[in-house]
Amino acid sequence: MIKLLALIALLVPVVVGAEPLRVFVSVPPLKTVVDKIGGKHVLVQAMVRPGFNPHTYNPTPHQIAALSDAALYVRTGVPFEHAWMERIRSANRKMRILDASAGNEPPGREEKGHDHDEAMDVTGTDRGREGKATMERDPHVWTSPPLVREMAGRIRDKLAELDPENEEDYARNHKAFVVELDALDREIRSLLARTLDRNIMVFHPAWGHFADTYGLVQVAIENEGKEPGPRALAALIEQAKRQQVKVIFVQPQFSQKSAEQVARAIGGRVVAIDPLSPDYADNLRRVARTIAEANGR
Ligand code: ZN
């Protein structure tokens, strides 16, 4: 017993010193990224809980209260953050805010603080049908492993700044994560290399960065978050026929009604892929495999 007490006495200061950094992130895939780099030194929560839609999410009072213990909030500029960022900020003025999508702005534009929120707000809801044209400001940055690689460097630096004692661990974890990301990137590239058809039709345009990274073209069915009207739907069906689309990709947080209508009209099928899966790497692999199978190789 005395031995045990002595052991506890020895351990207690260590445990106190090892209090993890509390980190909030906007969406579940980012939790995986911060966990990879922070390891045992961080306790990460995603603001948008699994299954919820980041375009319309409302943080719970419990989540807002929990921000008071957080050292860091990692944002991506997903739409709920435009409405909520000021409240998130004022819940804990000492909490640092890291924009994971920094470097994702169009060149030559410095956007900081408030201006940033507003600039992102305008463009976040005003996305073109072809994700590519407006891609610089697409908030779904985590769908591209090379962009996650950039983001990972910024997260490592921020964690080291907030917790310099564990800087070496963050650097080591980051290195290992980059090796994983590069392998994932190569794997997706080879899966999609011989894909004949470069067009992918999706309901919600969450795959713009993925498409851009791997030379695909994303065509979205929705119009600013809403189902298309009859005329827009007819045009999409024409386009899908012309481009010989076989698969319409949907995600569980959005309606599948018009995707099913297009699929019926072209004799194709609807396949669910989830850009918000916390199982980041396996999910992207599955997406690449599904696109490769659907688009012929
Ligand atoms: Zn989205």
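Note that the structure is predicted; figures quoted are calculated from it, not measured. Positions within a chain are numbered from 1, following the residues in the order the chain's sequence is written. Totals for whole chains, interfaces and linings use every residue, but because this is a predicted model, local features are given only for residues with pLDDT of at least 70 and side-chain atom pairs only at 80 or more, for both listing and counting. Only heavy atoms go into the side-chain values, all of them from the structure, while hydrogens and water stay out.

1. Side note on helix H11 (residues 280–295)
Phase 1: Strands are runs of DSSP state E lasting at least two residues, helices are runs of H or I lasting at least four, and both sets are numbered from the N terminus onward. Working rule for helices: expected span equals 1.5 Å times residues minus one. Compared with the 22 Å implied by 1.5 Å per residue over 16 residues, the 22 Å span of H11 between its first and last C-alpha is a close match.
Phase 2: Along H11, the positions that sit buried rather than exposed are Tyr280, Asn283, Leu284, Arg285, Val287, Ala288, Thr290, Ile291, Ala292, Ala294 and Asn295.
Phase 3: Positioned one or two residues after H11, Gly296 has a phi angle of 80°, which is positive. Relative accessibility thresholds used throughout: buried, under 20% of the residue-type maximum; exposed, over 50%; partly exposed, between the two (1.4 Å probe, protein chains only).

2. Describing empty space enclosed by the protein
Phase 1: A 1.4 Å probe that fits but cannot get out identifies a cavity on a 1 Å grid over protein atoms alone, an open set with protein on both sides within 12 Å along at least five of seven lines counts as a pocket, and a residue lines either if it has an atom within 4 Å of a point. Grid points are joined across faces, edges and corners, and a volume is the space filled by probe spheres set on the points. Under the counting rule described, the total for this entry stands at 4 cavities of 30 Å³ or more.
Phase 2: Volume-wise, the largest cavity comes out at about 40 Å³.
Phase 3: Contributing to the lining of the largest cavity are Pro29, Trp142, Thr143, Trp207, Asp274, Pro275, Ser277, Tyr280, Asn283 and Leu284.
Phase 4: Ranked by the residues each element gives to the lining of the largest cavity, the list is headed by H11, at 3 residues.
Phase 5: By the convention adopted, Pro, Cys, Tyr, Trp, Phe, Met, Ile, Leu, Val and Ala count as nonpolar, Lys, Arg, Asp and Glu as charged, and the other residues, Gly among them, as polar. Residues belonging to the lining of the largest cavity are distributed by class as follows: 6 nonpolar, 3 polar and 1 charged.

3. With respect to the nonpolar core
Grouped burial of nonpolar side chains is what soluble globular proteins tend to show.
Phase 1: The definition of a nonpolar core used throughout is a set of buried Ala, Val, Leu, Ile, Met, Phe, Trp, Tyr and Cys residues joined through side-chain atoms within 4.5 Å. The biggest cluster of nonpolar side chains holds 65 residues, and the ones touching the most others in it are Val23 and Phe210.
Phase 2: Any two residues whose heavy atoms approach within 4.5 Å are treated as being in contact. For Phe210, the contacting residues outside a window of four places in its chain are Thr143, Ser144, Ile188, Leu192, Leu216, Leu284, Val287, Ala288 and Ile291.
Phase 3: Listed in part, the 16 residues of the second largest apolar core include Leu236, Val250, Phe254 and Ala259.

4. Things to note about the pattern of salt bridges
Phase 1: Any carboxyl oxygen of Asp or Glu that lies within 4 Å of a side-chain nitrogen of Lys or Arg is treated as forming a salt bridge with it. In total, this model carries 13 salt bridges according to the counting rule given.
Phase 2: A salt bridge links Arg93 to Glu86; the shortest N-O distance between them is 3.4 Å.
Phase 3: Owing to a relative accessible area of 32%, Glu86 belongs among the partly exposed residues under this scheme.
Phase 4: A salt bridge links Arg172 to Asp169; the nearest nitrogen and oxygen atoms lie 2.6 Å apart. With Arg172 and Asp169 both in helix H7 (residues 167–193), this residue pair falls 3 residues apart, about one helical turn.
Phase 5: Taking the relative accessible area as the measure of exposure, Asp169 reaches 17% and is therefore buried.
Phase 6: One continuous salt-bridge network, built from bridges that share partners, spans Glu86, Arg89 and Arg93.

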